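Tertiary structure, described
One letter stands for each residue in the lines below.
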Amino acid sequence: MADGTTGISAGALHGFAPSARRSGLARFARRRSTIAVLMCLPLIALIAGLVVYPFFYSIYLSMLNRDATRFIGLFNYRYLLRSDTFHLVIFQSCFFAITAVFFKALIGFVLAHVMHNISGRGQRIWRGLLLIPWVIPPALSTLGFWWMLSGNYSALNWILAQFGIPQVAWLSNTWTARLWVAAVNVWYGTPFFMIMYLATLKSVPDQLYEAAAIDGATWLQKIRYISLPMLRNIISITVLFSLIVTFANFDIVQILTSGAPADTTHVFATYAFQLGIQGGNISLGAAVSLFIFPILAVFSIFILRGVGRRAREAQ
Amino acid sequence: MKRLRSVSRRDALKLAAVGAALPLVHMRTAHAAGSLKVALWDHWVPAANPVMQKLVADWGAKNKVDISIDLLQSGTVNAKILLAPAAESLAGTGHDIMTFQDWGVQQYHQHLEPIDDVMGGLIKQYGAIDKVAEYLGKADGHWRGVPTSVGSQYKPSCARISWFKKAGYDVQQWYPNAPGNAKTAAAWTYETMLKLAPAAQKAGMPFGLGLGLTTDSVDWTGAFLAANGAQLVDAKGNMQLRSDAVQKALEYMQKLYPYLPADSVTYDDASNNKALISGQSALIFNPPSAWWVARRDAPKVAEDCWTFPSPNGTAGRLNPYLPFFWGVWSFSPNKTAAKELISWLQQREQVETLCDASVGYDIPPFASMHDFKIWAEVKPPVGTVYNYPIRPWHDTQSNIAGYPAPPRIAVQLYNNATFNVMVVKLAKNKQKMKDVLDWAENEISGYINM
Amino acid sequence: MSGAVVTAEAVARRSWLKPSISRERRWALWVSYIVLIFFAIGFLAPPYFELITALKTSQQLGSGKDPWFTAHPYFGNFIGIITNPDFQTFFLNTVKVTIIVVALTLVMSILAAYALARMRFFGSQVFATGVFLTYLVPESLLFIPLFKVLSFLHLINSTWCLVLIWPTLSVPFCTWIMIGYFSSIPKELDEAAMIDGASHLQMLWKIFIPVALPGIIAATIFAFTVCWGDFLYPLAYLFTGKQMVLTAGIVSDLIHGDVLDWGHIMAANVVASAPPVIIYAFLMDYYIAGLTAGATKG
């Protein structure tokens, strides 16, 4: 690889910027792209073998019958679309993902700004403290939440009892269960947003804020006219990334409610687990999981288009 | 192999026919050697696993088979007992002997070796096998999995003696820890249970009966339905949703629901245990695992517990039954040794050893083995689990939710907890009966056409 | 680079030390602290609760009294967990595999990011976006077909299968971080090095990596956290205790059917959460600085 670049003229090396000198460049460009592809090869192999191939295999799997002996085309998908329970699952997954991501972004945004106001060493301590939810393995912290919220020993109800407030069966009422599932996800994911936004905020020059202050801008106006535009890209990226990851979440719902009460907290991943692994109909489980893909693809197209447009405008 | 070459083909066939007629355990074949990979259920009784592992290791040493054991857990969160069979059936490689929970044999039967020879021998030795075990273990007319005692459990009543006494009923007199007759327990019916539920709730000890989606909740409602002659789908695969019996069952549940704990609709398998151990429940439907933990963590509660069969319904008394099976994958390279090991482990002596190690939690699938001493000896109080296995005079049978519908439909009724969801929609969400029945009809016709 | 950020920060902050502090500034500071305290309580209550639960005996837990404090802390759960050879195996396995995967992730994503950020080739833009979109295919979908792939490679029930599949979780995002960071390095540096006759690999090693170190640390931390906390893949593919990692191992060893050992589970949670917390405590600044440059290019 190294010797590919030795006999090359200095002028040709300016090929990073579009150059009119194409004669000796053609060969170099080809060589460079070979090197580039070679450098990407591990990544390509990883994705091809462990993501793309299994993805297509699962599409094939979802079109087999229960015993995986016959090809039945789109039967599983038609069955799901006609099932009321599955409609519930679609609604719940969207509600869970959109609500959780919205609050994660909002709280992360607020915390990033608030953190930005605090001076150096203090900020470090607060940063460390508020980061803890994200570093604890979510499967384990959700077990803690389950213990805290459910049944006879609910620690949360104990606090309420101290104030004389009647007990609530948090995970047994549809809407409180849904909210708590989203809340646990927000608890877990907000630090990530906070850190990403804080990092970007630090690169926003303070002079902008000071100039705005001199002009008499309120804090709301500062946020609206300075912070938001500067952070728009990172907000888009984090929201998209989190939407994708939250939509496909398994750990939190499975450990907290496993879909109860009466299937009203099921999301795609847990419903796929119930139908596929517990019910033994792996093809149906695969079909449920595959429903995530088109929904996420739509989100991605919209958001990445926005990001791309802004990147082009910036250039 | 060499021996067979010098024998005529007819003689070889005769030899094989004779050999197949004998119970497998008496046949010392020349092929029982090599290695075996065994996947067993991870018993929650800490002492039980080492006993099993030692038994298997001793057998392996005696028969010159290299055995490696993996333990699979069951549970909502770590459902290895469900993931492992799925993985290995898809992959076509894995263990030789695999453990299956309830519906597992039905789900993977095309990948399982027919095991009629082992079962034939065992039935000849020990008599009739449990009807539900046969329903779950046979597919396409062949036995595909051997019902085992390890992990198999009933979920009968586990009640607080003192509370029931205060309510006017002596559970120890219903089911004393000595041979008796079914008449003493005539008062223990679902009607009585409904009558007592309000009092229990008022006393702060509501009956811990779950309406969630996990096995504990589905098992007891399934037994309740069958004990009252109700079926969602009958044995021929026809929907019986709109029958009177189902209607009556739903109305019963509507009446019972207000007196159940507030979080009963999200009960998982550990919730009723917690309810009993904390002293906040007068009755649960559970195997003795809850009592066992109470013995360690809440001795006063444990001393006050008595286990006995489920209530009587209009069509009989049925205990919810959750059996485990051992099966041999058809891709196993050492089927002979696998079958021999399974057969040996099912001998009464081994079953009793394992039962003792599990403190009486395991239930053998043969009624002739329901007389082990362990159930009479476990304490405190003495006799607390004497009536846990089904005794001949109990006039009780076993049941699994969904039985007797065709297994491929029943497993969906079971896993999707269809009846429980109906009850929650009706009793908690206060939906109209017509809407609930329409929803269920849509769901169940989907299962039938699947 | 982080040094420069800190200095600028310090200069900006010192302004509030001036005697003529505006009332608005002070008010903003108060509000900030109140908000921070509120969220700190919310964020830290569950871990605190887990800690207290871990310090109780199972009898105390069974009674359900006083869930938020303990008068006589019981250390038996922690001692039991730390001295449990199974738990030690889980811990060592997790450390071993996570370190290997993080190293692999860095190699793969740095190479790919360099190629995508610096070397324009046919389809590189599409590919860069495509890398990010691999997250569209989640674990909960992939784990079933991966049964077949992994058993074909004889990796089922071996810790090494995680070395193969965990990079799918970390590499795309780390590549994206590194692309952002590499893009922000001025091209004049490249050109100067090229003129001196450096090859691509030398450039990468001698210039990009040292300058992009904060970004690399950011990627390290992300990869570490993702691998350390992954649950579904270990649960699905590892059966034997000796091969398990922390998340799946804790749940498998301490939860049997309907019998959960809560005190030990919480103690295990605390011990299992300690390494990421400690690592973060040390590398936090680099993480922030690393994300700063990467994020703005996103």
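Residue positions are counted from 1 within each chain, in the order its sequence is given. Throughout, the order in which chains and ligands are written sets their labels, letters from A for the former and numbers from 1 for the latter. Only residues with pLDDT of at least 70 get local features here, since the model is predicted, and only at 80 or more are side-chain atom pairs given and counted; chain-wide, interface and lining totals rely on the full set of residues. Computation of side-chain values: all heavy atoms of the structure, hydrogens and water removed.

**Section: the overall build of chain C**
Here is the rule we go by: Numbered from the N terminus, helices here are DSSP runs of H or I no shorter than four residues, and strands are runs of E no shorter than two. Each residue is assigned to one of three classes by its accessible area relative to the maximum for its type, calculated with a 1.4 Å probe on protein chains only: buried under 20%, partly exposed between the two thresholds, exposed over 50%. Residues are treated as being in contact if the distance between any of their heavy atoms lies within 4.5 Å. All accessibility values rest on the Shrake-Rupley procedure with a 1.4 Å probe; residue burial counts only the protein chains present in the view.
If you tally the helices and strands in chain C, you get 15 helices and 2 strands. Taken over 298 residues, chain C has a buried fraction of 56%. The long-range fraction of contacts in chain C, counting pairs at least 24 apart against all pairs at least 6 apart in sequence, stands at 75%. Total accessible area computed for chain C in this model is approximately 12200 Å², and 71% of it derives from carbon and sulfur atoms.

**A few points about the overall build of chain A**
Helices and strands together make up the secondary structure of chain A, namely 14 helices and 0 strands. Among the 315 residues that make up chain A, the fraction classed as buried is 59%. In chain A, of all internal contacts separated by at least 6 residues, the share reaching a separation of at least 24 is 69%. Taken as a whole, chain A presents about 12800 Å² of accessible surface, with 66% of it coming from carbon and sulfur.

**Observations concerning the packing of aromatic side chains**
Stated precisely, the cut-off is as follows: Stacked, tilted and edge-to-face are the three classes applied to pairs of Phe, Tyr and Trp rings, where Trp contributes its six-membered ring and a pair requires centres within 6.5 Å; stacked means planes under 30 degrees apart, edge-to-face means over 60, and tilted covers the rest. Ring-over charges, as used throughout, are those where CZ of Arg or NZ of Lys falls within 6 Å of the ring centre and within 35 degrees of the ring normal.
Using the criterion set out here, one finds 74 aromatic pairs over all chains in the structure. On the numbers, 6.3 Å between centres and 25 degrees between planes, the contact of Tyr53(A) with Tyr57(A) is stacked. One end of the pair is Tyr53(A) and the other is Tyr57(A), both in helix 2 (residues 25-62) and 4 residues apart, which spans about a single turn. Residues Phe100(B) and Trp329(B) carry aromatic rings whose centres are separated by 5.5 Å and whose planes lie at 75 degrees to one another, so their mutual orientation is edge-to-face. Of the two residues, Phe100(B) sits in strand 3 (residues 97-101) while Trp329(B) sits in the loop between strand 11 (316-328) and helix 16 (335-345), which places them 229 residues apart along the sequence. Judged by its relative accessible area of 1%, Phe100(B) falls in the buried class. Following the ring pairs from residue to residue traces out a cluster consisting of Phe109(A), Trp134(A), Phe192(A), Phe193(A), Tyr197(A), Phe241(A), Phe173(C), Trp176(C) and Phe222(C). The residue whose ring lies beneath Arg391(B) is Tyr386(B), and the NZ or CZ to ring-centre distance is 4.0 Å. The positively charged end of Lys425(B) is found above the aromatic ring belonging to Trp439(B), 4.6 Å away from the centroid.

**A word on the interface of chain C and chain A**
Put simply, the rule reads: Here the quantity called buried area is the total loss of accessible area, with a 1.4 Å probe, experienced by two parts when brought into contact, counted for both. Salt bridges are identified by distance alone: a Lys or Arg side-chain nitrogen within 4 Å of an Asp or Glu carboxyl oxygen.
Counting from both sides, the interface comprises 107 residues of chain C and, opposite them, 100 residues of chain A. Here chain C meets chain A over a buried area of about 9400 Å², counting both sides, of which 82% is carbon and sulfur. When residues of chain C are sorted by the area they lose upon contact with chain A, Leu36(C), Phe43(C) and Leu136(C) head the list and together hold 8% of the total. In this assembly, chain C and chain A are joined by 0 salt bridges.

**Structural notes on unusual backbone geometry**
Most peptide bonds take the trans configuration, and most residues that are not glycine carry a negative phi. Residues and elements named next belong to chain B. Of note, the bond from Pro 380 into Pro 381 is cis; its omega dihedral lies within 30 degrees of zero at -10 degrees. That bond from Tyr 403 to Pro 404 is cis: its omega, 5 degrees, falls within 30 degrees of zero. Residue placement: Pro 404 occurs in the loop between strand 12 (397-399) and helix 19 (407-415). A positive phi angle is found at Val 359, which is not glycine, with a value near 55 degrees. Relative to the helices and strands, Val 359 resides in the loop between helix 17 (348-357) and helix 18 (374-377). Classification of Val 359 as buried rests on a relative accessible area of 18%.

**Brief notes about the nonpolar core**
How we decide: The criterion is simple. A nonpolar core is a set of buried Ala, Val, Leu, Ile, Met, Phe, Trp, Tyr and Cys residues joined through side-chain atoms within 4.5 Å.
Formed by 364 residues in total, the largest nonpolar core has its most connected members in Phe164(B), Met193(B), Phe207(B), Phe143(C) and Phe182(C). The element that contributes the greatest number of residues to this core is helix 5 (residues 85-118) of chain C, accounting for 15 residues.

**Comments concerning helix 7 (residues 139-152) of chain C**
Residues and elements named next belong to chain C. The cut-off we apply is this: By this rule, a helix spans an expected 1.5 Å times one less than how many residues it contains. Two axes enter the definition of the bend at a residue: one is fitted to the seven residues ending there, the other to the seven starting there, and the bend is the angle between them.
An ideal rise of 1.5 Å per residue puts 20 Å on 14 residues; helix 7 measures up with 19 Å between its terminal C-alpha atoms. Largest kink in helix 7: about 45 degrees, centred on Pro 145. Most of helix 7 is tucked away, with 11 of its 14 residues classed as buried. Taken together, the buried positions of helix 7 are occupied by Ser 140, Leu 141, Leu 142, Phe 143, Ile 144, Pro 145, Leu 146, Phe 147, Val 149, Leu 150 and Ser 151. Positive phi appears at His 154, one or two residues downstream of helix 7, with a value of about 55 degrees.

**A look at the interface of chain C and chain B**
Spelled out, the test is: Definition of a polar contact: a pair of N or O atoms within 3.5 Å, with one able to donate and the other able to accept a hydrogen when the atoms are protein atoms, and with sequence-neighbouring residues admitted only if both atoms are side-chain atoms. Note on residue classes: Ala, Val, Leu, Ile, Met, Phe, Trp, Tyr, Cys and Pro are nonpolar, Asp, Glu, Lys and Arg are charged, and everything else, Gly too, is polar.
With 24 residues of chain C in contact, the opposing surface of chain B contributes 31 residues. Taken together, both faces of the contact between chain C and chain B bury some 2300 Å²; the carbon and sulfur share is 61%. Put simply, chain C and chain B have 0 salt bridges between them. For the pair chain C and chain B, the interface holds 3 residue pairs in polar contact (both at pLDDT 80 or more). Counting residues per element, the side of chain C that touches chain B draws most heavily on helix 7 of chain C, at 5 residues. Looking at the side of chain C that touches chain B residue by residue, the classes come out as 13 nonpolar, 9 polar and 2 charged.

**Regarding the sheet that holds strand 8 (residues 283-285) of chain B**
Residues and elements named next belong to chain B. Put simply, the rule is: One bridge is not enough; two strands pair if DSSP finds at least two bridges between them. Angles here are taken between N-to-C directions and fall from 0 to 180 degrees, while the axes themselves are lines fitted to C-alpha atoms, restricted in helices to the stretch in contact.
The strand order across the open sheet formed by 3 strands is 8-7-9, and the pairing between neighbours is antiparallel. Of all strands in the sheet, those bounded by a partner on one side alone are strand 8 and strand 9 (305-308). Adjacent strand axes in the sheet meet at a mean angle of 20 degrees when their direction is disregarded. Bridge count for strand 7 (residues 157-160) against strand 9 is 4 bridges, and the pairing is antiparallel. Bridge pairing in strand 9 places Ala 159 opposite Trp 306.

**Some remarks on the pattern of salt bridges**
All names here are of chain B. The full count for this structure, using the stated rule, is 12 salt bridges over all chains. Residues Asp 58 and Lys 54 are paired through a salt bridge, measuring 2.9 Å at the closest nitrogen-oxygen approach. Of this pair, Asp 58 and Lys 54 both sit in helix 3 (residues 48-63), 4 residues apart, which is roughly one turn of the helix. Note on Asp 58: relative accessible area 37%, which makes it partly exposed. Here the salt bridges do not stand alone but share partners, grouping Arg 242, Lys 434, Asp 438 and Glu 441 into one network.

**Section: helix 14 (residues 246-254) of chain C**
In an α-helix, one full turn covers 3.6 residues, which means residues spaced three or four apart are oriented alike. Among the 9 residues that make up helix 14 of chain C, 8 are buried, leaving the element largely enclosed by the rest of the structure. Within helix 14 of chain C, the full set of buried residues consists of Leu246(C), Thr247(C), Ala248(C), Gly249(C), Ile250(C), Val251(C), Ser252(C) and Leu254(C).

**As for the confidence of the model for chain C**
Residues and elements named next belong to chain C. This is how it is decided: Every residue gets a pLDDT, meaning the predictor's confidence in that residue, from 0 to 100.
Mean pLDDT over chain C works out to 80, with 87% of the residues at or above the 70 mark. At the level of individual helices and strands, chain C shows its lowest average pLDDT in helix 1 (residues 2-14), which scores 53, and its highest in helix 8 (residues 160-165), which scores 92. With pLDDT under 50 throughout, residues 1-5 is counted as low confidence; its partners more than four residues away or in other chains account for 4 contacts. Across residues 294-298 the pLDDT falls below 50, and counting only partners more than four positions away or on other chains, this stretch makes 14 contacts in the model. ipTM for the predicted complex: 0.81, alongside a pTM of 0.84.

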